[in-house]
Every structure is written in C-alpha cells, then in structure tokens.
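Each chain is listed here by its residues.
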Amino acid sequence: MARLLLIIGGGIAAYKAAELIRHARKMGHDVTPVLTEGGAHFVTPMSLAALAESPVYTSLWDLKDEAEMGHIQLSRAADHVLVCPATADMIAKMAAGIADNLATTLLLATDKPVTIAPAMNVKMWQHPATQRNVAQLRADGITVLDPDEGAMACGEYGPGRLPDPEAILAALPLQAPSASPFGKAGPLAGKHILVTAGPTHEPIDPVRVIANRSSGKQGFAIARAAAAAGARVTLVAGPVCLPTPPGVARIDVETAVQMRDAVMTALPADAAIMVAAVADWRVEGAATQKLKKGKGAPELKFAPNPDILADLGEHPNRPALLVGFAAETNDVIDNATAKRERKKADWILANDVSGDVMGGENNRLHLVTATGVEHWDEGSKDAAARHLIDRISQELS
Ligand code: CTP
C-alpha cells in the first residue's frame, strides 16, 4: 500500500481524477486529494472526499494552522505525488518554480518522487513553450507521462488526452500491495500477455507499400488494459503513430513476416491476443529500386503471408488462451465461428467493420467461444479492452 498525494489541475480531464481515486483505493492505496481552483470548476471536493475517504485540501490558507497539517508536512506525508491532469499553466509554473497556490507550493516543497499526467488541447501540448517546460521538468527528475492521442473534447485531434486512470496508476512506481514476479499487482500479475496491433506494410518498392486502414487503437488499448491489470505485456506493433502504453514492452515491425518472427520470439505467453490487421499477401520479389512510371504500370505478383494466429494455434508452445479478432463486413457471427475453428483459436472477437470502426473510437464486439456467443454493448475501444481483460483474468485465474 502506498500513500498518494493527488493534485488535480483545472482541465476538462479533471473528472477522470475521480475514477483514478476509485481505482487507487481498490488497489489498496491511500489518496489525499489537493484540488486547484481550476480543478474545482470540474469536480467537487465533496465527491473527491467521498471516494478518497480523506479530507480534500484546496487552499494554502486551509493549512494556516500548522499544528494540524502544514504544507511542508502535507507535501512529504505521501510516498508519491501525482499531478493529474497537469495543465499547460501548471507545467509552466512547475518549470519556473512558481509557488503561488497550495498545489504549486506543495510541488516545490516535496521531497518525494513526482509524476505528472498532462492533458490539454493538442496545440497547447505541441506549443514550443510547453515542450520546453516539459523538457525542463524531465531534466529536473520529474516523470512526465505522454498524453494519449485521439479526438479531444474541444473537437480537435492529436496528442493531449489524459491516458486511462488505470494506465496512469500502472505507470507509478507505487509499492504493490502484493508483489508479483514482475513487481506488479492486479488480477494478471505474474502473467505474460502477447498482443499484436495495427496494420502491416508490405513493400512494393523502397517507397511504396500495400497497407490497410487499421489504426492500432484497439490493440494498444488491450495492451494498456493488460498492463494496468498487472500483466507483463509484449506488444508487437505494425506501423502506427500511437504512444506506447505505460509499462508495455513494444516491438515495432513493418511486415507480416517480421510480425510473425517477433511473436514467435516472444513466446511463451499465457495469453496471446492477435488484434493486428495482418496483410494476407505480400508482393513477391518487391523491387529494390523505386519503380519509375516511364516503364509502364508494374505487374505485381503476390505470395501468401504467414497466418500468425493459425501458426500459434498449432504451435508446440501454444499460449493457454489464444484470442483472435475477426473483422467482417457481412455474416459476422458465422464467419467468426468458422474462423475460430479454422485457426484453432479459443476465442474470436467478431467486429462489424462495415461502418467506421477502423480508425474510429468505438467498437461493438461479439465474443465467440467453444460454447456460444456473447454480444457485448457498443462502447469505446478502451471499455472493450477492459472488458476483454476482465474476461481473460477470470479465464486464467
Ligand atoms: N491474422 C493473423 N495473420 C494473418 C491474418 C490474420 O494473425 N496473416 C489474425 C488477425 O490478427 C485476427 C485474425 O487472424 O486475429 C483474423 O483476421 P482477419 O483479417 O479477420 O481474417 P483472415 O485470416 O484475413 O480471413 P478472411 O480473409 O477470410 O477474412
């Protein structure tokens, strides 16, 4: 059990601090919330106090009575200080050493490790001033978590979203209530989970590839949820621009053959979840020099790629639980059921990709097992990932 001092900055993501407190309490940690004036516009001290079962500190002047708990004492009573969400303003003040309110004063006075989880508009995050301040904080020894990329509350798209509360907690070096062989706690502690994600790129020549529309978001969300549940996670990722989830070992690959090799090298695993949209064919004899258009349209010949899921299904080191996805545009359940048998997988998660699922934020999944079909509610890819990891935790326990 660890004691966490949680400083909540003034951003739309402040509401997620409440969820973070709930998870931290479930993990057995003590949380003392400090709510900034800005944060109080988004969450109330009352809800934080109820979830944390602790007083919530809001002002430096609450702490006037040094006989009770002074700001120096408060800043040091914790094992770890977390700023979540950290706004651009808070980051700038921290980088400059400004102490003009309770939160910034505590951050200057603390002698404990500090982690910040920034969340802000993409332009604010990418602004040279913010990036300069972040570099300064990192140089000062503060852990700055990378924000997630995606659609933002303000309607723009890019990095700036607060990562999942569970992922933030998994990134903190908090002492686990029950240490696992990997030093983490949670229902998947001690398990190795192997995940593939994203598309593959199959070269035509040195500058051209055959690709597909997979964004990698669902696979990355699953890797993140597995790590948050305490697993050791290996994520074999095709070419995507997504930040590595905290606590996940990522191996970047381009082609299906490279992905197969990386997966086989990562064995043994307790569960393998094959989410990647692997290209079924590669160009036979890809050109080693750029094809020039003056020579007429090239004729491409294709060779079949290895089927990684099917290869795992027959592997002597087959993971105890083998999970595949079936992206289908029609006859979703029938196709998924046939795929489960053909590839010797335990479970197939069928999703209907006739809409904008590829690259979209939501997913509606159907879990096909040996005994039947479960229809899951439509929800975010993060929610689907957490649901899947809960089911896997039950299965492996
Ligand atoms: N898969 C894989 N290697 C391949 C192709 C697919 O590991 N070469 C995995 C995917 O990661 C997914 C599952 O197999 O978990 C099903 O992928 P999908 O593209 O739906 O199936 P295909 O094998 O391409 O079958 P079909 O073309 O008939 O839909």
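None of these values were measured; they are calculated from a predicted model.

### A few points about the domain arrangement of the protein
In terms of domain boundaries, the protein breaks down into domain 1 (3-171) and domain 2 (176-396). Taking the mean C-alpha position of each, domain 1 and domain 2 sit 34 Å from one another. With 13 residues of domain 1 in contact, the opposing surface of domain 2 contributes eleven residues. Summing both sides of the interface, domain 1 and domain 2 together bury roughly 1,100 Å²; the carbon and sulfur share of this comes to 55%. Where domain 1 meets domain 2, there are two salt bridges. Among the salt bridges present, the one from Arg 224 reaches Asp 148, with a minimum N-O distance of 3.5 Å. Between the two partners, domain 1 and domain 2, sit two residue pairs in polar contact (both at pLDDT 80 or more). Sort the elements by how many residues they give to the side of domain 1 that touches domain 2 and helix H9 (residues 165-171) lands first, with four residues. In the side of domain 1 that touches domain 2, the residues fall into seven nonpolar, one polar and five charged.

### As for the sheet that holds strand S13 (residues 271-274)
Hydrogen bonds between backbone atoms are what pair the strands of a sheet, whose relative direction is either parallel or antiparallel. Reading across the sheet, the eight strands line up as S12-S11-S8-S13-S16-S17-S19-S20 and stay open at both edges, with mixed pairing between neighbours. Of all the strands in the sheet, the pair left with one neighbour each is strand S12 (248-252) and strand S20 (373-375). Mean inter-strand twist for the sheet, computed between neighbouring axes without regard to direction, equals 15 degrees. Note that strand S8 (residues 192-197) and strand S11 (residues 232-237) share six bridges and pair parallel. Within the sheet, the bridge partner assigned to His 192 lies in S11 and is Arg 232. Contacting S8, S11 and S12, helix H11 (residues 256-266) crosses the sheet at an angle of about 175 degrees to S8.

### Section: the site of the ligand
Lining the immediate environment of the ligand, one finds 15 residues, of which Met 274, Ala 276, Phe 325, Lys 339 and Lys 343 sit closest. In the model, an oxygen atom of the ligand is placed 2.8 Å from a nitrogen or oxygen of the Phe 325 main chain. Between the ligand and Lys 339, the relevant distance is 2.7 Å, taken from an oxygen atom to a side-chain nitrogen or oxygen of the residue. Look at the ligand: alone it shows 570 Å² of surface, and the protein chains cover 79% of it. With respect to the pocket detection grid, the ligand is positioned in the largest pocket.

### Remarks on the pattern of salt bridges
The tally for this structure, following the rule as stated, stands at 18 salt bridges. In this structure, Asp 79 engages Arg 3 in a salt bridge whose closest nitrogen and oxygen atoms are separated by 3.0 Å. Of the two residues, Asp 79 sits in the loop between helix H4 (71-77) and strand S3 (80-86) while Arg 3 sits in strand S1 (residues 3-8), which places them 76 residues apart along the sequence. With a closest N to O distance of 3.2 Å, Arg 25 and Asp 30 form a salt bridge.

Criteria and cut-off values
Residues numbered from 1 in each chain as written. Predicted model: local features only at pLDDT ≥ 70, side-chain atom pairs only at ≥ 80, totals over all residues. Heavy atoms only, no water. Domains from an automatic or database assignment. Contact = heavy atoms within 4.5 Å. Buried area = accessible area lost by both parts, 1.4 Å probe. Salt bridge = Lys/Arg side-chain N within 4 Å of Asp/Glu carboxyl O. Polar contact = N/O pair within 3.5 Å; in protein donor to acceptor, adjacent residues only side chain to side chain. Helix = DSSP H or I, 4+ residues; strand = E, 2+ residues; numbered from the N terminus. Nonpolar A, V, L, I, M, F, W, Y, C, P; charged D, E, K, R; others polar. Pairing = 2+ DSSP bridges. Axes fitted to C-alpha atoms, helices over the stretch in contact; angles between N-to-C directions. Near = heavy atom within 4 Å. Areas by Shrake-Rupley, 256 points an atom, 1.4 Å probe, with all protein chains shown as cover. 1 Å grid on protein atoms, 1.4 Å probe; cavity = no way out; pocket = protein on both sides within 12 Å on 5 of 7 lines; lining within 4 Å. Sits in = over half its atoms within 2 Å of the grid points.

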